[in-house]
Amino acid sequence: MKISVLGCGRWGSCIAWYLDKTGHEVLSCGLADAPEFIELKTTRHNDYLSFPQSIEISSDLGFAIQRAEIIVISISAQHLREYMADISKYNLDGKVIVLCMKGVEESTGLRLSEVVGSFVDEEKTPIAVWVGPGHPQDFVRGIPNCMVIDSKNEEVKKMLVKNLSSSLIRMYIGNDFIGSEIGAAAKNVIGIVAGMLDGMNYQSLKGALMARGTREIARLIEAMGGNPLSAYGLCHLGDYEATLFSKWSHNRMYGEKYVRGDKFEKLAEGVMTTKALKKLSAKYNVDMPIVSALYDVLFEEKPFEKAIEELFDRSVKQEF
């Protein structure tokens, strides 16, 4: 299939590399003046991988869209709306948009598929999401993992799973579009907290964080109309090893450096997703103590130790 991958950062470049490896005709598209694009264009490699000659590299967005049967978007979640304003200038009829990015729009609380849906006719341009665990550093070493494709369009997600699966990534068919998106976005928030625990040498609390964090996100998914069990699947709990423990997790590393007073220069999607989940918690009247505690640390300047102390001081409740 002819696939254009829009975005050539860590994940965008990995997706292009993977889709080429599975036999598709791949074009990697980025902004002409972006450092990551310039590096790939001039050297055909970055810190994570090397592109074979079979992958075309271009900054021509119109050409990338025109040639594609499938358009994969992998950029910063908070820039999706402005990017879609550019993409929607072109004819997208008959194409499938696949979002391989995790987040919730901070300003509106909208899921990313809802942001895209405000620009396209989903009957003519179906939208899917590609979520789940894994790191480029593992995939390029041949270490396999499992991921999920979800969409409101049953035929589209089955087609994508069939065509994008390989021995390196086993694709599963998602059955909860809301849960898949919210679960995937929220795991980055839990990842920041995990990093803060690492930074304070409170690693023994990670078990409680995993148990209670998953329950908290399950409640939100259910309140939004999704299946609470999705929080226990690949989109969320199944991604905890890669997000809460891995040295390559940007969100975990952000949290660790934050409590140590160091700066983390790379993108940590969970920061703005924390703001978005705080809004969704209020909108749907869902108690989310971990999200609220992290929000207070990141945006209200509350010391992390104080936030942990207040979590422990909460009134006694049943576990489930």
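Just so you know, these numbers come straight off a predicted model, no measurement behind them.

## Considering the packing of helix α8 (residues 177-199) against helix α12 (residues 270-283)
Two elements in contact, α8 and α12, have axes whose closest approach is 9 Å; the angle formed by their N-to-C orientations is 115°. Our classification of the angle between α8 and α12 gives roughly perpendicular. Note that α8 runs across α12; the crossing there is left-handed. Each of Ile-182, Ala-185, Ala-186, Asn-188, Val-189 and Ile-192 in α8 lies in contact with α12, whose residues at this interface are Gly-270, Val-271, Thr-273, Thr-274, Leu-277 and Leu-280. Looking at the contact of α8 with α12, its residues break down into 8 nonpolar, 4 polar and no charged.

## Topic: the pattern of salt bridges
All told, the structure shown has 18 salt bridges when counted by the stated rule. With a shortest N-O distance of 3.4 Å, Glu-106 and Lys-279 are connected by a salt bridge. Residue Glu-106 is found in the loop between β5 (96-99) and α5 (112-117), and its partner Lys-279 is found in helix α12; the two are separated by 173 residues along the sequence. When its relative accessible area of 39% is taken as the criterion, Lys-279 is described as partly exposed. Between Arg-252 and Glu-256 there is a salt bridge; the shortest N-O distance is 2.5 Å. Within this pair, Arg-252 and its partner Glu-256 are both found in helix α11 (residues 250-259), separated by 4 residues, close to a single helical turn. Note on accessibility: Arg-252 and Glu-256 belong to one class, buried. Overlapping salt bridges, with partners in common, bring together Asp-198, Lys-206, Arg-252, Glu-256 and Arg-260 in one network.

## Some points on the packing of aromatic side chains
How two aromatic rings sit relative to each other is set out by the distance from centre to centre and by the angle between their planes. In this structure the tally under the stated criterion is 4 aromatic pairs. A centroid spacing of 6.3 Å and a plane angle of 65° characterise the contact between Trp-11 and Phe-139, whose relative ring orientation is edge-to-face. With a gap of 128 residues between them, Trp-11 in helix α1 (residues 10-21) and Phe-139 in helix α6 (residues 136-139) connect regions that are remote in the sequence. Accessibility expressed as a relative area gives 3% for Phe-139, which makes it buried. Between Tyr-295 and Phe-299, the ring centres sit 5.2 Å apart and the planes meet at 45°, which makes this aromatic pair tilted. Of the two residues, Tyr-295 and Phe-299 are both situated in helix α13 (residues 289-299); the distance of 4 residues between them amounts to about one turn of the helix. The class of Tyr-295 is buried, set by a relative accessible area of 18%. Taking relative accessible area as the criterion, Phe-299 reaches 26% and is therefore assigned partly exposed. The ring of Phe-245 carries Lys-206 above its face, with NZ or CZ at 4.3 Å from the centroid. The ring of Phe-299 carries the charged tip of Lys-275 above its face, separated from the ring centre by 4.9 Å.

## Section: the state of the cysteines
Considering all chains together, one arrives at 0 disulfides under this definition. In this structure Cys-8 is a free cysteine whose sulfur lies 7.9 Å from that of Cys-29, the closest cysteine sulfur available. Using a relative accessible area of 4% as the deciding quantity, one classes Cys-8 as buried. With no disulfide partner, Cys-100 has as its closest neighbouring cysteine sulfur the one in Cys-14, 8.4 Å distant.

## Considerations on the environment of Thr-243
By the element assignment, Thr-243 lies in helix α10 (residues 240-245). Note on Thr-243: relative accessible area 2%, which makes it buried. Once the C-alpha coordinates of Thr-243 and Val-189 are considered, the two residues, 54 residues apart in sequence, prove to be 9.4 Å apart. Sequence-distant contacts of Thr-243, defined by excluding residues within four places in its chain, comprise Lys-187, Asn-188, Gly-191, Ser-249 and Arg-252. Within the structure, Thr-243 has its side chain in polar contact with the backbone oxygen of Asp-239 (distance 2.9 Å).

Scoring rules and cut-offs
- Residues numbered from 1 in each chain as written.
- Predicted model: local features only at pLDDT ≥ 70, side-chain atom pairs only at ≥ 80, totals over all residues.
- Heavy atoms only, no water.
- Axes fitted to C-alpha atoms, helices over the stretch in contact; angles between N-to-C directions.
- Helix = DSSP H or I, 4+ residues; strand = E, 2+ residues; numbered from the N terminus.
- Parallel < 35°, antiparallel > 145°, perpendicular 65-115°, else oblique.
- Left-handed = near helix turned anticlockwise from the far one by under 90°.
- Contact = heavy atoms within 4.5 Å.
- Nonpolar A, V, L, I, M, F, W, Y, C, P; charged D, E, K, R; others polar.
- Salt bridge = Lys/Arg side-chain N within 4 Å of Asp/Glu carboxyl O.
- Buried < 20%, exposed > 50% of the residue type's maximum accessible area, 1.4 Å probe, protein only.
- Phe/Tyr/Trp six-rings, centres within 6.5 Å; stacked < 30°, edge-to-face > 60°.
- Lys NZ or Arg CZ within 6 Å of the ring centre and 35° of its normal.
- Disulfide = S-S within 2.5 Å.
- Polar contact = N/O pair within 3.5 Å; in protein donor to acceptor, adjacent residues only side chain to side chain.

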